[in-house]
Amino acid sequence: LLLFGAYMVFVTNIQTYMQKLIVNGEAIAEIVRKALPPFYYFGLVCADHKAWAFAALAAVSIIPFLLACLLLSKSFFTITADKKTAAKKKYVEKELKTSSVRSALLKKEFGRFFSLPIYVLNSATGCIMHIIISVMIIIKGKELIASFAGMGEIDVAKYLPVIISLVMGLCSSMVNLSSASTSLEGIRINLIRSMPINSDDFFFAKYASNYIVGLPTLIIGSLAICITLGVRASVTALVIVTLLLFFAVTVFVNLISNICLPRFTWNSEA
């Protein structure tokens, strides 16, 4: 997410950067020459086809490579031929703990989710949005309401519960683990089907993992926004209940969508 944000900042300001580069080209080139000579030589080769710059670039690229090969060759056979083994861990007898089928399946879902960065990025964006929006409202919320109030005769405070519900509900719809969780079983789906696992337990884990991941940021973010904007306690409670119910329906739609349109024959989880 940080890399994506940095990329977006760079792309949106690329025209400004290009203008600065053109205006300060010589000064930047001098800084690069002093700090990063290989990049400077590379630029000279590309721009002016300087033979000496190519020779210098080859030298700073090839010489370290040859030195690395020489150093590695000294220790490579020693390392690969080493027959030392790690000390065996002493067995300590412990009580075997068991868990229910649902908790075991739920643990499996969380293990899969937190071990796949692309899964987190695609399916938990709403959690990040909950945090960003709530922090933004805490810092700038009252100023934002004041600016809206000065635009016309509409009483913005009257519609705050609806606006909060719409914004946070939209973010929670981006928490969609269950929309891919069934397909992520891949060819292992037949192994799970061969086990003595009830289908209700299997789909409960898919549903519950999605709901649990999005629940904390949804509740905390909504509470923070309502308290910051001075929404009454009774109305705040109604907003939270509405959002929880909406999120429950959203997760169910995600799950049903993947059950109706599964894809098990994939080559990569991404």
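The preceding data block contains the structure.
Q: Explain the pattern of salt bridges to me, please; I cannot follow it from the model alone.
A: Where charged atoms from two side chains of opposite charge approach closely, those side chains can pair. Tallied over the entire structure, the rule returns 7 salt bridges. Of the charged contacts, one joins K34 and E30 as a salt bridge, the two residues approaching to 3.9 Å between their closest N and O atoms. Pair noted here: K34 and E30 are both in helix α3 (residues 25-35), with a separation of 4 residues, about one helical turn. Taking relative accessible area as the criterion, K34 reaches 62% and is therefore assigned exposed.

Q: What is the right way to look at the environment of P262 in this model?
A: By the element assignment, P262 lies in the segment after α13 (233-260). Between the C-alpha atoms of P262 and S183, which are 79 residues apart in sequence, the distance is 5.1 Å.

Q: Would you take a moment to explain helix α5 (residues 51-80) for this structure?
A: Since the α-helix advances by 3.6 residues per turn, residues separated by three or four positions end up pointing in the same direction. Across its 30 residues, α5 extends 42 Å between first and last C-alpha, which sits within 8% of the 44 Å expected from 1.5 Å per residue. Remark: the principal bend of α5, roughly 35°, maps to S73. Those residues of α5 that fall on the buried side of the exposure criterion are A53, A56 and L57. Summarising the contacts, the buried residues of α5 are in contact with α4 (37-48).

Q: Is there a simple way to explain the packing of aromatic side chains in this structure?
A: Geometrically, a pair of aromatic rings is defined through the distance of the ring centres and the angle of the planes. Within this structure, the stated rule accounts for 9 aromatic pairs. With a centroid separation of 4.9 Å and an interplanar angle of 75°, the aromatic rings of F113 and F114 are classed as edge-to-face. Look at F114 and you get exposed, because its relative accessible area is 63%. Here the aromatic cluster, defined as three or more aromatic residues joined through ring pairs, consists of F110, F113, F114 and Y119. A cation over an aromatic ring shows up here: R102 above the ring of F204, its NZ or CZ 4.3 Å from the ring centre.

Each value, and the rule that gives it
- Residues numbered from 1 in each chain as written.
- Predicted model: local features only at pLDDT ≥ 70, side-chain atom pairs only at ≥ 80, totals over all residues.
- Heavy atoms only, no water.
- Salt bridge = Lys/Arg side-chain N within 4 Å of Asp/Glu carboxyl O.
- Helix = DSSP H or I, 4+ residues; strand = E, 2+ residues; numbered from the N terminus.
- Buried < 20%, exposed > 50% of the residue type's maximum accessible area, 1.4 Å probe, protein only.
- Expected span 1.5 Å × (residues − 1).
- Bend = angle between axes of the 7 residues up to and from the residue.
- Contact = heavy atoms within 4.5 Å.
- Phe/Tyr/Trp six-rings, centres within 6.5 Å; stacked < 30°, edge-to-face > 60°.
- Lys NZ or Arg CZ within 6 Å of the ring centre and 35° of its normal.

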